[in-house]
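Structural overview
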Amino acid sequence: CTVILTRLATRDLHKPISILFCNLAVSDLFTSFSGFWISMLFITNPDITIFGSRDMLAPYALYTTSILSTIYNLVSIGIERYLAVAESMRTRFRVARSHSIAVVIGNWLLAFSLGCLPLLGWHCLQAGSSTSVLYSPFCVNYLVFVTLPNVLVAFLVPLFTYLRIILILRKRKLRMQACGQATGTYKSAETQVARTSISIWLLALVSYAPFSAGVIFDAANRRCHAELYPGVYIFRNCTAILITITCLGNPLLYTLRLRELGAKLKALRGLSANRVRACAV
């Protein structure tokens, strides 16, 4: 909420990256809200969060939608940062505000389309072999379909984008060294990108890897709820806490650090072309 209100108050939403930051905060807000909803259901009636009930479909669907939207926003921010500094700028392509708005709309449409599938009939309210033990009344095949590909995307795409940014900065630093010019700014930007990308990876690893492991366990499990109680459900609650930590960590990683980094990369992009031309002459 603080990120959203700050962005609105400073009228900073004309920047493409600010739109993505604000939307990431909205996704985290929905994740926290849906997690609170599930927690209240657990407090008032724990059995429905263990054995499943129709009442769990809506909060679980909102929770899934919010997590998917967060993942898509993290991926979009990584791609935007890559485009802001990549050599592909020679094609005269610039990320505009309209592009960010289209990406935000597309992210939410895709997240709602996948997250609300249980509300449209892909659920296991009737007892069956494919019923999820951890997230009843979701079906195991639905959880595998939604979780594993998206978690892989959350790991692989930021890995590629931030590594590419680091390689581009290092390449430009070597060019400036060949021209006999100072490279301190490039070295600082490269170090900051490396630190931020490592933090992003660690946060994603701590948050989503246990959740993915729980889904894999759910798919391979053949035992009933009573045989797994209470240990597995304690693990399930811990994964929910870790995802909530992601919602708290995202504003610190992206809004505070990458905003300054984005301004620095934007300045470097303009300086690099002029200096390289001068070196060539």
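Fair warning: this is a prediction, and the values are worked out from it, not measured in the lab.

Definitions and cut-offs
- Residues numbered from 1 in each chain as written.
- Predicted model: local features only at pLDDT ≥ 70, side-chain atom pairs only at ≥ 80, totals over all residues.
- Heavy atoms only, no water.
- Helix = DSSP H or I, 4+ residues; strand = E, 2+ residues; numbered from the N terminus.
- Buried < 20%, exposed > 50% of the residue type's maximum accessible area, 1.4 Å probe, protein only.
- Contact = heavy atoms within 4.5 Å.
- Core = buried A, V, L, I, M, F, W, Y, C linked by side-chain atoms within 4.5 Å.
- Disulfide = S-S within 2.5 Å.
- UniProt positions renumbered as here; feature names shortened; annotations may be inferred.
- Axes fitted to C-alpha atoms, helices over the stretch in contact; angles between N-to-C directions.
- Left-handed = near helix turned anticlockwise from the far one by under 90°.
- Nonpolar A, V, L, I, M, F, W, Y, C, P; charged D, E, K, R; others polar.
- Patch = residues over 30% accessible without salt bridge, like charges linked within 9 Å, V, L, I, M, F, W, Y side chains within 5 Å.
- Areas by Shrake-Rupley, 256 points an atom, 1.4 Å probe, with all protein chains shown as cover.
- Salt bridge = Lys/Arg side-chain N within 4 Å of Asp/Glu carboxyl O.
- 1 Å grid on protein atoms, 1.4 Å probe; cavity = no way out; pocket = protein on both sides within 12 Å on 5 of 7 lines; lining within 4 Å.
- Points joined across faces, edges and corners; volume = space filled by probe spheres on them.

Here we look at the overall build of the chain
- Within the chain one finds nine helices and zero strands.
- Listing the helices and strands of the chain from first to last along the sequence gives α-α-α-α-α-α-α-α-α.
- Counting all 281 residues of the chain, 46% fall into the buried class.
- Within the chain, counting contacts between residues at least 6 apart in sequence, those at least 24 apart form 78% of the total.

Section: the nonpolar core
- If you look at the biggest cluster of nonpolar residues, it comprises 34 residues, and the most contacted ones within it are Y135 and F138.
- Counting residues per element, the ones that place at least two in this core are α2 (16-44), α3 (46-51), α4 (57-85), α5 (97-115), α6 (140-178), α7 (184-220) and α9 (231-280).
- The greatest single-element share of this core, amounting to seven residues, is contributed by α4.
- Aside from chain neighbours lying at most four places away, what touches Y135 is Y60, L143, F211, D218, R236 and T239.
- Judged by nonpolar contacts, the second largest core, of 19 residues, contains I77, V85, L203 and Y254.

Quick look at the side chain of S27
- Within the secondary structure, S27 is located in helix α2.
- Exposure remark for S27: the relative accessible area of 0% places this residue in the buried category.
- When neighbours within four sequence positions are excluded, S27 is seen to be in contact with S66, S69, T70, N73 and W108.

Points about the state of the cysteines
- Here the structure, examined in full by the defined rule, presents one disulfide.
- Two residues share a disulfide in this structure: C124 and C139, whose sulfurs sit 2.0 Å from each other. Judged by the sign of its S-S torsion, about 115 degrees, the bond between C124 and C139 is right-handed. In this pair, C124 sits in the loop between α5 and α6 while C139 sits in the loop between α5 and α6, placing the two residues 15 residues apart along the sequence. The same class applies to C124 as to C139, namely buried.

Here we look at the environment of I241
- On the secondary structure map, I241 appears in helix α9.
- Between the C-alpha atom of I241 and that of G35, which follows or precedes it by 206 residues, the distance is 9.0 Å.

Looking at the UniProt feature "transmembrane region" (unreviewed entry) in the chain
- As annotated by UniProt and renumbered to match this structure, "transmembrane region" (unreviewed entry) occupies residues 17-40, 60-79, 100-122, 142-167, 200-220 and 232-256.
- From the first C-alpha to the last, residues 60-79 spans 29 Å; its make-up is 100% helix and 0% strand.
- Helix makes up 100% of residues 200-220 and strand 0%, whereas the separation of the span's terminal C-alpha atoms amounts to 30 Å.

A short note on the packing of α4 against α5
- Close contact between α4 and α5 brings their axes to 8 Å; oriented N to C, the two are set at 145 degrees. When you trace α4 past α5, the crossing you get is right-handed. Contact residues: A61, T64, T65, L68, S69, Y72, N73 and S76 in α4; V103, N107, W108, L110, A111, F112, L114 and G115 in α5.
- Looking at the contact of α4 with α5 residue by residue, the class counts come to nine nonpolar, seven polar and no charged.

What about a nonpolar patch on the surface?
- Taken together, the side chains of L152, L156, L159, L163 and W201 present a nonpolar region at the surface, about 440 Å² in accessible area.
- Ranked by the residues each element gives to the nonpolar patch, the list is headed by α6, at four residues.
- Tracing the backbone shows L159 in helix α6.

Considering empty space enclosed by the protein
- Tallied over the full model, the rule gives four cavities of 30 Å³ or more.
- Counted as a void, the largest cavity has a volume near 200 Å³.
- Around the largest cavity, the lining is made up of 16 residues, and of these T64, I67, V146, T147 and F211 lie nearest the centre.
- Taken together, the elements giving at least two residues each to the lining of the largest cavity come down to α4, α6 and α7.
- Partitioned by chemical class, the residues of the lining of the largest cavity number 13 nonpolar, three polar and no charged.
- Size it by volume and the second largest cavity reaches roughly 90 Å³.
- As for the second largest cavity, its lining consists of 13 residues, of which L74, A154, I200, A204 and Y254 are closest to the centre.
- Those elements that provide at least two residues to the lining of the second largest cavity are α4, α6, α7 and α9.
- A breakdown of the residues in the lining of the second largest cavity according to their chemical character gives eleven nonpolar, two polar and no charged.

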